[in-house]
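Close look at the chain arrangement
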Amino acid sequence: GGYVQVREAYYRDPLEATDSLARVAAQVEPDTLLWNVNLDVKIAKNAWVKNNDIDAEWSGDVRVIRQRGQWNYLGTLEPLRGSYYLFGRKFRNLRGSILFDDVHEVDPSLNLEADVNLPIADSSQSSGGSVLSYQEVTVKVQGRLSEPQIIPPAWLGESNFIRALYPLEDPESAAEGAAGFLTGEIERLGTRT
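Residues numbered from 1 in each chain as written. Predicted model: local features only at pLDDT ≥ 70, side-chain atom pairs only at ≥ 80, totals over all residues. Heavy atoms only, no water.

**Side note on the overall build of the protein chain**
Let me state the cut-off plainly: The secondary structure listing takes helices from DSSP runs of H or I that are at least 4 residues long and strands from runs of E that are at least 2 residues long, numbered from the N terminus. In this scheme, a residue with accessible area under 20% of its type's maximum is buried, one over 50% is exposed, and one in between is partly exposed, where area comes from a 1.4 Å probe on protein chains only. What sets the accessible areas is the Shrake-Rupley method with a 1.4 Å probe; for residues, cover comes only from the shown protein chains.
Looking only at helices and strands, one finds 3 helices and 9 strands in the protein chain. From first element to last, N terminus to C terminus, the protein chain shows the α and β order β-β-α-β-β-β-β-β-β-β-α-α. Counting across all 193 residues of the protein chain, residues that qualify as buried make up 35%. Of the roughly 11,500 Å² that the protein chain leaves accessible, carbon and sulfur atoms contribute 50%.

As structure tokens, this is what we get:
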């Protein structure tokens, strides 16, 4: 057991990489059931995750636990600033929290939001046709990491959100596939995280 005050930290591995601590542990001690960890980690600022998926600074208080060879985390992380990349777009001004509250497995609760510029069709123009203009949209990511949901603003709706992310020639196909597409992208992000 112990206490760690993080002054500066950087995590640059891809999120889908093997858990770095578990990898080091396997090299140091072949029988990983022989040792446990119980650390309170306080992060005031200056802890960065920088890779292809995310570039953000974090703060928080997290207990790092390892019992019988299994790692877990309890506590809260909050982004101080940063952005993440999803659907080939940059989501800026990341804010909210990640709550590690499951004592049985690492499956944090997500309550995050970020802003993204999307091409939105405006059909209210007097010319009768639709005009494409970019608009800043706030998108939420909520739920457990194992089953996260992307929630666009209510006025935009899920199908219009999909069309704005990936403008398709067939709008009906985009609307029909919106739910499945969002689920697939979030599952991909979740498995990488």
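Once the structure has been displayed, the description carries forward.
**Digging into helix H2 (residues 158-165)**
This is how it is decided: By arc we mean the arc of the directions from the helix axis to the C-beta atoms, nothing more.
Every buried residue of H2 is accounted for by Phe161, Ile162, Ala164 and Leu165. Considered in projection along H2, the buried side chains sweep an arc of 160 degrees and stay on one side of the axis.

**Some points on the side chain of Ser59**
As a reminder, the rule being used: Here a residue-residue contact requires only that any non-hydrogen atoms of the pair lie within 4.5 Å.
When you line up the elements, Ser59 lands in strand S4 (residues 54-67). We classify Ser59 as buried; its relative accessible area is 10%. Sequence-distant contacts of Ser59, defined by excluding residues within four places in its chain, comprise Ile43, Ala44, Thr76, Leu77, Glu78 and Leu80.

**Digging into the packing of aromatic side chains**
Short version of the rule: Any Phe, Tyr or Trp ring, taking Trp's six-membered ring, that has another such ring centre within 6.5 Å forms a pair; planes under 30 degrees apart are called stacked, those over 60 apart edge-to-face, and the others tilted.
This structure, assessed with the given rule, holds 3 aromatic pairs. Both rings, one in Trp35 and one in Trp71, keep their centres 6.0 Å apart while their planes meet at 70 degrees; by these two values the pair is edge-to-face. Within this pair, whereas Trp35 is found in the loop between helix H1 (20-28) and strand S3 (37-50), its partner Trp71 is found in strand S5 (residues 70-86), the two being separated by 36 residues in sequence. Its relative accessible area of 25% is what places Trp35 among the partly exposed residues.

**Here we look at the nonpolar core**
Proteins that are soluble and globular tend to have nonpolar side chains buried together. Rule in force here: Only buried residues count toward a nonpolar core. Its members are Ala, Val, Leu, Ile, Met, Phe, Trp, Tyr and Cys residues joined through side-chain atoms within 4.5 Å.
By size, the foremost hydrophobic cluster in this structure holds 36 residues, and its most contacted members are Trp58, Tyr84, Phe91, Leu94 and Leu118. If you list the elements that add at least two residues to this core, you get S3, S4, S5, strand S6 (89-100), strand S7 (109-122), strand S8 (131-144) and H2. Setting aside residues no more than four positions away along its own chain, Leu118 makes contact with Arg89, Ser133, Tyr134, Gln135, Val137, Leu156, Phe161, Ala164 and Leu165.

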